[in-house]
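What follows is each chain in one-letter form.
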Amino acid sequence: MATAPIDSPENHSFVKRPNRTIITLATPVLFSMIAEPLTGLVDTSFISRLGAEALAALGVGTVILSGTFWIFNFLGVGSQTEIAQLWGRQDKSRASQIAGMALAMALVFGICISCIGFFLADRAATLMGAEADSEILTNAVDYMRVRFFAAPAILLTLTSFGILRGLQDMKTPMKVAILVNVVNVILDPIFIFGYGVFPALGIKGAALSTLISQYIGASLCLYSIKLRFPLPEKLKKEDIKGLIKIGGDLFIRTGLLTLFILLCTREATRAGAESGAAHQAIRQIWLFTALFLDSFAITGQSLIGYFLGAGKIDLARKVALYIFCWSVLTGVLLCGTMLASTNIVVKLLVPASALTLFESAWVVAAVAQPINALAFATDGIHWGTGDFGFLRNVMILATGTGALLLLGMANAGITIGDGLTTIWTVTAVWISVRAVFGVTRVFPGFGAAPLKECTQTN
């Protein structure tokens, strides 16, 4: 079905019912964003039954895969911003061209990742601290080699979600994500532990379940885009340059974000299987809770992009204020929920041998949630304005600070409690740098801030 024209800025639902509009848009975003981390939680729960070595291998594999795909997150983020601003200008023709080019780039990048990842999986696992000829290395490589073949599906889905959210269609990604998750949950125990004619594949079975579900999701996404946009008659080279320009800043930003997460996982894995297993459990919950925060960030991105495209800076600033408030409130609730559910998390995800290392690091991760909420909110706001260069510079500062602290303390033998607690304390510092600069860029606004308050001519 065709996408109906969005109301003019003055008649947009946010103007009269801002809270209701944000919740209405953010709720389906939340459910759609839950798919990948929930899949990770299911995998972690099943794989934890195979022992600490298998769980640590899953941690190595997932962080490398996530890091690789996050580097290409600019396809979804850039598409969403471009489509949202074009939709604010009611330029459907240009939006169709941008969507077509973004999907074509996603397919090409995905095929390249599949080929390169398959051959470099063992080297990547070794760099992450897995020792040669160890069970951790063998399991991590087996897992990654299967998952890398899903790269085209992952990037196509990521890009499609960005396009649809730029149109403020949050429900279609939600439906696709729920289906993907259900399929993965059904297939996981069958392929991991074996059932009937299907042999037990262990950690490789978890990867196969995810691969199948992701290709089903990508097919549905492409069909949905086809219903909303006619195929562009021709893809323009200028559009490639435009997306690559957006991607340049996001590539650096996301690459640095990924680097910091890789460093944390590497230090945890080098400390032993128990430390790696405990870190994997915390990281999976952290990624899962982050999706609650990202739902508001993505909603803010679409709304701010739309109002800026329509030339309504005052309404875009109002969106930013509401997104900050909702995000912080959610961060406080997540902190309390994490602390209250410690025993449940331990029972489901943490091997007994890793329990001592887990407890103190878990508290630090929980307490940092409100600050994390602000960091996520500012990311969404600045994505919506297209202020990608600023986000790049802040991430350079934050990751530089975090990496120096992490590696410096490790080399000097300085720890806060145990080594894993040190890793998560430095992570909280890394987040704080991003949050402070992100908020002050909007309120009061410094430098060439796109949302700086000004006299607006209607």
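Each remark here, short or long, concerns the structure printed above.
As the structure is a computational prediction, the values presented were derived from the model and not from experiment.

## Some points on a nonpolar patch on the surface
Here's step 1: A cluster of nonpolar side chains, contributed by Phe-31, Ile-178, Val-182 and Ile-186, occupies part of the molecular surface with about 350 Å² of accessible area.
Here's step 2: Among the elements that make up the nonpolar patch, the one with the highest residue count is helix H9 (residues 171-193) (3 residues).
Here's step 3: For Ile-186, the location among the structural elements is in helix H9.

## What to know about helix H4 (residues 52-71)
Here's step 1: The end-to-end C-alpha separation of H4 is 29 Å, in line with the 28 Å expected for 20 residues at 1.5 Å each.
Here's step 2: Burial analysis of H4 places 16 of its 20 residues in the buried class, the great majority of the element.

## Focus on the packing of helix H8 (residues 151-166) against H9
The relative placement of two packed helices comes down to the angle between their axes together with the axis-to-axis distance.
Here's step 1: Taken N-terminus to C-terminus, the directions of H8 and H9 make an angle of 150°; their axes are 8 Å apart at the nearest point. Classified by the interaxial angle, the pair formed by H8 and H9 is roughly antiparallel. Residues Phe-161, Leu-164 and Arg-165 of H8 lie in contact with H9, whose contacting residues are Thr-172, Pro-173, Val-176 and Ala-177.

## As for the packing of helix H2 (residues 18-33) against helix H13 (residues 313-340)
Here's step 1: Their axes nearest at 11 Å, the elements H2 and H13 cross at an angle of 65°. With respect to H13, the axis of H2 lies roughly perpendicular. For the pair H2 and H13, the sense of crossing is right-handed. Residue-level inspection shows Pro-18, Asn-19, Ile-22 and Ile-23 of H2 in contact with H13, the latter providing Lys-318, Tyr-322, Ile-323 and Trp-326.
Here's step 2: Of the residues that constitute the contact of H2 with H13, the class distribution is 6 nonpolar, 1 polar and 1 charged.

## Considerations on the side chain of Arg-165
Here's step 1: Checked against the element boundaries, Arg-165 lands in helix H8.
Here's step 2: With no salt bridge to any partner, buried Arg-165 finds its closest opposite charge in Asp-294, at an N-O distance of 7.3 Å.
Here's step 3: Not counting chain neighbours up to four residues away, the residues in contact with Arg-165 comprise Val-29, Ser-32, Met-33, Gln-80, Met-170, Pro-173, Ile-298 and Ser-302.

Conventions used here
- Residues numbered from 1 in each chain as written.
- Predicted model: local features only at pLDDT ≥ 70, side-chain atom pairs only at ≥ 80, totals over all residues.
- Heavy atoms only, no water.
- Patch = residues over 30% accessible without salt bridge, like charges linked within 9 Å, V, L, I, M, F, W, Y side chains within 5 Å.
- Areas by Shrake-Rupley, 256 points an atom, 1.4 Å probe, with all protein chains shown as cover.
- Salt bridge = Lys/Arg side-chain N within 4 Å of Asp/Glu carboxyl O.
- Helix = DSSP H or I, 4+ residues; strand = E, 2+ residues; numbered from the N terminus.
- Expected span 1.5 Å × (residues − 1).
- Buried < 20%, exposed > 50% of the residue type's maximum accessible area, 1.4 Å probe, protein only.
- Axes fitted to C-alpha atoms, helices over the stretch in contact; angles between N-to-C directions.
- Parallel < 35°, antiparallel > 145°, perpendicular 65-115°, else oblique.
- Contact = heavy atoms within 4.5 Å.
- Left-handed = near helix turned anticlockwise from the far one by under 90°.
- Nonpolar A, V, L, I, M, F, W, Y, C, P; charged D, E, K, R; others polar.
- Lys, Arg positive; Asp, Glu negative; His and termini not counted.

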